[in-house]
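# Notes for the structure review
The residues making up each chain are set out below.
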Amino acid sequence: AKRHAASNVQWKSRMRNAVKRVRSMTDKEKAATELKKTVKLLDQLAAKGVIHRNNAAVQKSRLTKFVSALK
């Protein structure tokens, strides 16, 4: 259990860093490519059970709205 918990901490850290990377972008094209990678990561984490699938859906929706609003 401790090994799995430590693994989950690493995955969640990767997720947070990926989300921050997308949020810090100002160029729409670069943000779109980064968004694609982040969405894939969120889907993987939801499939593994690291995060809840609804949490992944909310994150993806918010990030997509953010990237769409960029100029």
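Details of the structure are given in the entry above.
For helix α2 (residues 28–48), which comprises 21 residues, the first-to-last C-alpha distance of 30 Å matches the rise-based estimate of 30 Å (1.5 Å per residue) to within 8%. Every buried residue belonging to α2 is among Ala31, Glu34, Leu35, Thr38, Leu41, Leu42 and Leu45, and all of these are buried. Seen along its axis, α2 keeps its buried residues to an arc of 135°; they face one direction. With respect to the buried face of α2, the exposed residues turned more than 90 degrees away are Glu29, Lys36, Lys37, Lys40 and Ala47. Directly after α2, the chain includes Gly49, whose backbone phi takes a positive value near 90°.

On to the pattern of salt bridges. As a working rule, side chains carrying opposite charge can pair if their charged atoms are close by. Applying the stated criterion across every chain, the model contains two salt bridges. Here Arg21 makes a salt bridge to Glu34, at a shortest N to O gap of 2.9 Å. One end of the pair, Arg21, is in helix α1 (residues 2–23); the other, Glu34, is in helix α2, with 13 residues separating them in the sequence. Accessibility expressed as a relative area gives 39% for Arg21, which makes it partly exposed. Assessed through its relative accessible area of 11%, Glu34 is described here as buried.

Scoring rules and cut-offs
As a convention, each chain's residues are numbered from 1 in the sequence order in which they are written. A pLDDT threshold of at least 70 governs which residues receive local features in this predicted model, and a stricter bar of 80 or more applies before side-chain atom pairs are shown or counted, although totals over entire chains, interfaces and linings include all residues. Side-chain metrics rest on all non-hydrogen atoms present in the structure, leaving aside hydrogens and water. Put simply, DSSP marks the helices as runs of H or I at least four residues long and the strands as runs of E at least two long, and each gets a number from the N terminus on. A helix is expected to span 1.5 Å multiplied by its residue count minus one. Think of it in three bands: with a 1.4 Å probe and only protein chains considered, a residue is buried below 20% of the maximum accessible area for its type, exposed above 50%, and partly exposed in between. Relevant arc is that of directions from the helix axis to the C-beta atoms, nothing else. Salt bridges are defined as contacts in which a side-chain nitrogen from Lys or Arg sits within 4 Å of a carboxyl oxygen from Asp or Glu.

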